[in-house]
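Next come the chains, spelled out residue by residue.
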2 protein chains.
Amino acid sequence: MTFSYNQLFSFTEAVFKSIGCPDADAILATETLLSADLRGVDSHGVARLVGYVRLWEAGRINPAPRVGVTYETPSTAVVDGDGGLGLVVGPKAMQVAIEKARQVGTGWVSVRNSNHFGIAGYHAMKALAHDMIGMAMTNASPLVAPTYSLDRLLGTNPIAVAVPAGEQPDFVLDMATTTAANGKLEIAQRKNIPIPEGWAQDAAGIGSTDPNAVKNGGALLPLGGATGSHKGYGLGAVVDIFSAVLSGANYGPWVPPFVAFLQPPADPVGQGIGHFFGAMRVDAFRPADEFKAHMDNWITTFRNARATEGQHVLIPGDPERETASRRLLDGIDLLDPVVRDLEALGAKFGVKL
Amino acid sequence: MTFSYNQLFSFTEAVFKSIGCPDADAILATETLLSADLRGVDSHGVARLVGYVRLWEAGRINPAPRVGVTYETPSTAVVDGDGGLGLVVGPKAMQVAIEKARQVGTGWVSVRNSNHFGIAGYHAMKALAHDMIGMAMTNASPLVAPTYSLDRLLGTNPIAVAVPAGEQPDFVLDMATTTAANGKLEIAQRKNIPIPEGWAQDAAGIGSTDPNAVKNGGALLPLGGATGSHKGYGLGAVVDIFSAVLSGANYGPWVPPFVAFLQPPADPVGQGIGHFFGAMRVDAFRPADEFKAHMDNWITTFRNARATEGQHVLIPGDPERETASRRLLDGIDLLDPVVRDLEALGAKFGVKL
């Protein structure tokens, strides 16, 4: 079924208000969440609304958090999310990074006591309107085995980097540090088709093409898969350290699960999950128009490279931007199980989809 | 043949002095270059000395550069390397980043008009003694094809991140953003054995296990290889943009080649090659002893994970640190062709190996 962006916006905003979010927070959370649906990252959008509500029902999300800076220097801050929705905590922390960049050239904010924040790319892109480079990362529930490990110690720990261009569309990299996102695995599970090599290992640590390998005690593999997973492991580790060891959030196997039916570890090493945000004013390095002219040249050079038959070279962010333009006009397709979840939520809170 | 670190140090220092490096710069360049040999990255160490000398002979390296800050804000700077050895420019730029971090919490330095700087990890590790997280990246001669591209547009563009721990050894990630470093390909070429899938493509853009594929018009593949090279491409692109579009160095296909027998592009878009350095004081986020105690916990948790048969989980930097301890004691093995190159250099400059 297809819904307009506005339809989904009103519905989601009303649900967030129903669980006790203040008006401004409900709008902010909705915009953040739906940016995933717009950009085609369906696994991280409105399909997760029911998950957030269940966490709230389990008492694991504070719908009206007092998000605040607990420590700072001119270019850094630690933000305590007060157990709030990452969808609200994230944009507020990114705003702190942007303010600091305005003052001293760059701003870097590590966040504790938060929850899942939607797609990393949305947060990084907040910097673009200020002629800044934006960065965002987050740790997440442990599903990934480091190289040689049988234990799951890392999340899919994404990294996003957004760079402003001039006449060309902006450069927006948004990537999990695993070979495949968990969402892709779930699709293969539903269709019961084998997964490509390099995505997952089984409970014995052997590479597997079984779509149920992770569910049955296996793990997702870090980016690089069979031939270089130590690099993806290293990147995921950096995301974990910047997001949680710097801020005082939980890290590694202590990151609380997103699903409400799994309990968080009883011996936390910090508070909630962690994020890390950065903003760099491009004119803290060279005049912004000069920088953007060279970004345009960079982008057109790469886009116009000779390509393999029937393909062309993409710039990070191209596919997501094109999906967003299309979905704003034509609406957003949701799978039937997602629609049923939303209708059940609507019935619970007296909100019409 | 095996040489002691001190033997190679005296020799290399004397060669750098012979090409006109001031005493302090010759020592600095030697320490930077030999850090690669110590840490087991043989492709980036003294084996490249003859390459640097050839670039100097071709008039493409300034042995006595005036390295200086051309623009700055409290947390950022642009450094002009004046065409010097990256081995000298790099450490000086990293020092600027560390000074800025001391003042305002973090420091970020983009460098233009430089040359190859050895291993990225060495530069990032400079931050550790100051209880700072260090970061270093550099662009490099184009050998890598973005996803779907037939053209080589990126270098192996490494990223290094060094994080101080307490009682545990420090965390040091140092990785090319390709599946395999070019050095590994050269080894396969010499032995004439096939390379693993995901390392390279041939001139038609088809994945190849031919060790000569890159030499014959093919390209190295970004990290992720067959199943996720768009992520490695994105990371290599970020390194290129931070190192060169921010600083005014050459980027993409314009990065000048390391080998003197290939001419730099006639239409440069900037000056020399580019680097990017970062330093973050950990106590700009939380007390340093608290941070380091949690890093120790992070490291021991990962190191003690259950592992596949006969393996154990490594912390980034473990293998390189162990190699360095061993080589400081037992000396550094050099291949015969490298020894012959060094002897020829010694004869040219009247320096004994």
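- Under an unreviewed UniProt entry, the name given to chain A is Ldh family oxidoreductase, and the organism recorded is Hymenobacter tibetensis.
- What the UniProt record of chain A gives under Sequence similarities (unreviewed entry) is the line "Belongs to the LDH2/MDH2 oxidoreductase family."

### A look at empty space enclosed by the protein
Step number 1: A full pass over the atoms with the stated rule returns two cavities of 30 Å³ or more.
Step number 2: Quantified by volume, the largest cavity comes out at close to 270 Å³.
Step number 3: As for the largest cavity, its lining consists of 20 residues, and the residues nearest its centre are M135 and M137 of chain A together with M135, M137 and I159 of chain B.
Step number 4: Taken together, the elements giving at least two residues each to the lining of the largest cavity come down to β5 (132-138), β6 (159-163) and α7 (225-245) of chain A together with β5 (132-138), β6 (159-163) and α7 (225-245) of chain B.
Step number 5: With four residues, α7 of chain B is the largest single contributor of residues to the lining of the largest cavity.
Step number 6: Of the residues belonging to the lining of the largest cavity, the class tally is 20 nonpolar, no polar and no charged.

### Regarding helix α6 (residues 182-191) of chain B
Step number 1: Listing the buried residues of α6 of chain B in full gives G183, L185 and A188 of chain B.
Step number 2: Each element contacted by the buried residues of α6 of chain B is listed here: β10 (219-220) of chain B.

### A short note on the sheet that holds strand β10 (residues 219-220) of chain A
Residues and elements named next belong to chain A.
Step number 1: Ordered by their spatial adjacency, three strands build an open sheet running β9-β8-β10, and the pairing between neighbours is antiparallel. Looking along the sheet, the strands with just one partner apiece sit at the ends: β9 (207-208) and β10.
Step number 2: As paired strands, strand β8 (residues 200-201) and β10 are joined by two bridges and run antiparallel to one another. Bridge pairing links Q201 to A219 in β10.

### Some details on the relation of the copies chain B and chain A
These two copies of the chain differ by a rotation about an axis and a displacement along the same axis.
Step number 1: Superposing chain B onto chain A takes a rotation of 180° combined with a translation of 0.0 Å along the rotation axis, leaving an RMSD of 0.0 Å. With respect to symmetry, the two chain copies, as superposed, fit the operation of a two-fold axis. Among all C-alpha atoms of chain B, that of G224 of chain B lies closest to the rotation axis, at 2.2 Å.
Step number 2: Both copies present the same face, since 100% of the interface residues in chain B are matched by interface residues at the equivalent positions in chain A.

### With respect to the side chain of N113 of chain B
Step number 1: Following the sequence through the fold, N113 of chain B ends up in strand β4 (residues 106-114).
Step number 2: Apart from the residues within four sequence positions on either side, N113 of chain B is in contact with D80, G81, D82, G83, G84, A249, Q271, G272 and I273 of chain B.

Definitions and limits used
Residues numbered from 1 in each chain as written. Chains lettered and ligands numbered in written order. Predicted model: local features only at pLDDT ≥ 70, side-chain atom pairs only at ≥ 80, totals over all residues. Heavy atoms only, no water. UniProt positions renumbered as here; feature names shortened; annotations may be inferred. 1 Å grid on protein atoms, 1.4 Å probe; cavity = no way out; pocket = protein on both sides within 12 Å on 5 of 7 lines; lining within 4 Å. Points joined across faces, edges and corners; volume = space filled by probe spheres on them. Helix = DSSP H or I, 4+ residues; strand = E, 2+ residues; numbered from the N terminus. Nonpolar A, V, L, I, M, F, W, Y, C, P; charged D, E, K, R; others polar. Buried < 20%, exposed > 50% of the residue type's maximum accessible area, 1.4 Å probe, protein only. Contact = heavy atoms within 4.5 Å. Pairing = 2+ DSSP bridges. Least-squares fit on C-alpha atoms with pLDDT ≥ 70 in both.

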